[in-house]
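# A closer look at the structure
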Amino acid sequence: MPESRPDLRNIAIIAHVDHGKTTLVDCMLRQSGQFRDAQLTGQQILDSNDLERERGITILAKNIAIPYKGVKINIIDTPGHADFGGEVERVLRMADGCLVLVDAAEGPMPQTRFVLGKALEVGLRPIVVVNKIDRKDARPHEVVNEMFDLFLQLGASDEAADFPYLFASTKEGYATTDPNICNDNILPLMDLILDKIPAPVVDVGQPLQMLVTTIAWSEFVGRIAVGKVNAGTIRKGMNVVIMQKNDKQTAGKISQLFTFDNLGRTEVHEVDAGDIVAVVGLPEIEIGDTICPPLHPAALPRIHVDEPTLRMTFGINNSPLGGKEGKFVTSRHLRDRLMRELEKNVALRVEPIEGTEQFSVSGRGVLHLSVLIETMRREGYELSIGKPEVIFRDNNGVVEEPFETLVIEVPENQTGPVMEMVGTRRGLLQEMNHRNEIAVMKFSIPARGLIGLRTRMLMATQGNAVINHRFEGYKPREDAIPGRSTGVLVSMVSGKANAFALDSLQARSEPHVAPGDVVYEGMIVGENSRNEDMDVNPTKEKKLTNMRASGSDRNIILKPARRFTLEEALEFIEADELVEVTPSIIRMRKIILKEVDRRRINRTKNA
């Protein structure tokens, strides 16, 4: 018979990017009384890998547990960026409630709507935390009203729309019921969690059912399956059957069992329904599978994740400089690595391209795929990446493409360039508000129009624009969207770039290489001021004579070479170009390296 587990609370922390989720977890850890100061050093403690710390964002969902007043609180920290929505969608199935963080100045943002909608779909009980009330432009009570409107727009039930809320400053480490009254701890929020988040209601007497929502990997024990025990009891050494997709059943045995304890995991002998566990010993298990006893095989509904909207072509690095830096340089290495990524990245799709050694890799956005590429690069892989392309679909004969809700915050005196740039990319203004001399504009724009928009927008607004977007849905395909308005300089020789040659080129271009950089034929070495490509010789040296003449020599002053980040390079290239990624450098090149071959193909196209 179903019964409540008052000793447990399972909560997910969800919010728009940079609204303070991981900082809130820091506060809860520090004030739980379970750690010495030396154990909790720095900020964003859960953002543990290098990419998360460098970018200042959460990429992977993480589990921890904190005891409070005799209750174990399982906490799931989730990403805030729309491109990592797949992480959010799968882990919400482990929770019974959620903390919805919202900035006291910005209010609900695109990703707030997305994550809250997903939480309401699975029936989570929400608590709204209006964070950053210490900001000078904070408007906490208005934000609470905006959140109420958002709940109604998302079709929340009367019970969910009557949400409890608190005000907080996770940076200063406190939560309060009145934004005008500050205290020195986060305990009001902890008490509210125990009071308002429902304890899991489970049936321990029923046969075991555990839905796997996360796969971790260890070099020592292999796959580690993480999920919530929905019914029954799971034990170490237990024989189980794994209910997989397409009605496949696989037998297995649990060799180790762990529960989450503070920042780590503790090995246990058995766990009753309602708790979140990690299971070792099932080498073929996948996300979405259900672990059951052999005599009662019954699968839970599999995790549904929204389909990808963007794809890129991954291939080996076959440039003249390929294979000189990486440890993994063959198509077999690339295929094996992508297959391993599929095991834990539920929003990713990988398909081999027939007749080639390349792969079509689909994901939620440029950032989603670029994080995968950056991770592979740091692991020692060399690869070449094609231009990002959106995924079209056919709906009863109508070609549709993905659209995004784009929100841009910019100083009021810079709205002109924003409107012009988004308008040329088929963006439609839906709403515009003003707050403290900041214009907040909301657009509906084809996902194609977002490719390359961020870099150009930041340049047009001197870096003042704050850009956020989320997937809106599929709509009929729009007309062509203008691409890059400039051509590129393409090296026609191999060698080392020379200051004399770059000096003559910089008057009509923006260089991408510096003196001494190695270049090869077909490599992109600069951006042309005109709209056509130009083949150049960046290695040309000054001819020397034995004659001296007054005024014939002058100092060469070069503009600094523009160095692209991975995302900037992916947004910059066109369909006939590739990004070459190695462990130490990012280059751009033409797909066809030889100038004579490119000219012949162009003549054939124009014939």
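Shown above is the structure to which this text applies.
Presented here is a report on the structure given in the accompanying data block. (Residues numbered from 1 in each chain as written. Predicted model: local features only at pLDDT ≥ 70, side-chain atom pairs only at ≥ 80, totals over all residues. Heavy atoms only, no water.)

## Notes on the sheet that holds strand 15 (residues 256-261)
Test applied: Think of it this way: DSSP has to see at least two bridges between two strands before they count as a pair. Strands are runs of DSSP state E lasting at least 2 residues, helices are runs of H or I lasting at least 4, and numbering of each runs from the N terminus. Convention adopted: a line fitted to C-alpha atoms gives each axis, helices being fitted over their contacting stretch, and angles between N-to-C directions are expressed from 0 to 180 degrees.
Taken together, eight strands build an open sheet; the order of strands is 14-13-19-10-11-18-15-16 and the sheet is antiparallel. With one partner strand each, in any of the chains shown, strand 14 (249-253) and strand 16 (264-267) form the two edges of the open sheet. If you compare each strand with its neighbour and ignore which way they point, the axes differ by 40 degrees on average.

## A few points about the pairing of strand 7 (residues 165-169)
The condition that has to hold: In this scheme, a residue with accessible area under 20% of its type's maximum is buried, one over 50% is exposed, and one in between is partly exposed, where area comes from a 1.4 Å probe on protein chains only.
In terms of burial, strand 7 is largely enclosed, as four of its five residues are buried. Across three bridges, the pairing between strand 7 and strand 8 (residues 174-176) is antiparallel. Each bridged residue has a counterpart across the sheet, and for Ala168 the counterpart in strand 8 is Ala175. As consecutive antiparallel partners, strand 7 and strand 8 are separated by four residues, and within that stretch Gly173 has a phi angle of approximately 85 degrees, a positive value.

## Some details on the pairing of strand 28 (residues 438-446)
Judged by how many residues are buried, strand 28 sits mostly within the fold: seven of nine residues are covered. For strand 26 (residues 398-411) and strand 28, the ladder comprises nine bridges, and the chain directions are antiparallel. Bridging across to strand 28, Thr405 finds its partner in Ser444. Bridge count between strand 27 (residues 428-435) and strand 28: seven bridges; the pairing is antiparallel. Bridging from a neighbouring strand, Leu429 pairs with Phe443 of strand 28. The hairpin formed by strand 27 and strand 28 contains two residues between the paired strands, and Asn436 there has a positive phi angle of roughly 50 degrees.

## Quick look at the pattern of salt bridges
Stated formally: A pairing counts as a salt bridge when a side-chain nitrogen of Lys or Arg comes within 4 Å of a carboxyl oxygen of Asp or Glu.
Applying the stated criterion across every chain, the model contains 36 salt bridges. In this structure, the salt-bridge partner of Arg302 is Asp289, at a minimum N-O distance of 3.1 Å. With Arg302 in the loop between strand 19 (290-292) and strand 20 (310-316) and Asp289 in the loop between strand 18 (276-280) and strand 19, the pair connects residues that are 13 residues apart, well separated along the chain. For Arg302, a relative accessible area of 32% translates into the label partly exposed. As a salt-bridge pair, Asp533 and Lys590 come within 2.6 Å of each other at their nearest N and O atoms. Of this pair, Asp533 sits in the loop between strand 34 (524-528) and strand 35 (534-536) while Lys590 sits in strand 37 (residues 586-590), and the two are 57 residues apart along the sequence. Given the relative accessible area of 2%, Lys590 is considered buried.

## Focus: the packing of aromatic side chains
Put simply, the rule is: For Phe, Tyr and Trp, where Trp contributes only its six-membered ring, two rings pair if their centres lie within 6.5 Å, and the inter-plane angle classes them as stacked under 30 degrees, edge-to-face over 60, or tilted in between. The rule for a charge over a ring is simple: NZ of Lys or CZ of Arg within 6 Å of the ring centre, and within 35 degrees of the ring normal.
Applying the stated criterion to the full structure yields six aromatic pairs. A ring pair is formed by Phe564 and Phe572, whose centres lie 5.1 Å apart and whose planes are at 55 degrees; its orientation type is tilted. Here the basic side chain of Arg477 rests over the ring of Phe392, its NZ or CZ set 4.3 Å away from the ring centre. Geometry around Phe572 places Arg484 over its ring, the cationic atom sitting 4.6 Å from the centre.

## Observations regarding unusual backbone geometry
Positive phi, normally seen in glycine, also occurs at Lys69, with a value near 55 degrees. Structurally, Lys69 can be placed in the loop between strand 3 (62-68) and strand 4 (71-77). Judged by relative accessible area, Lys69 falls into the exposed class, the value being 61%. Even without being a glycine, Asn396 presents a positive backbone phi close to 55 degrees. Looking at where Asn396 falls in the secondary structure, it is placed in the loop between strand 25 (393-395) and strand 26.

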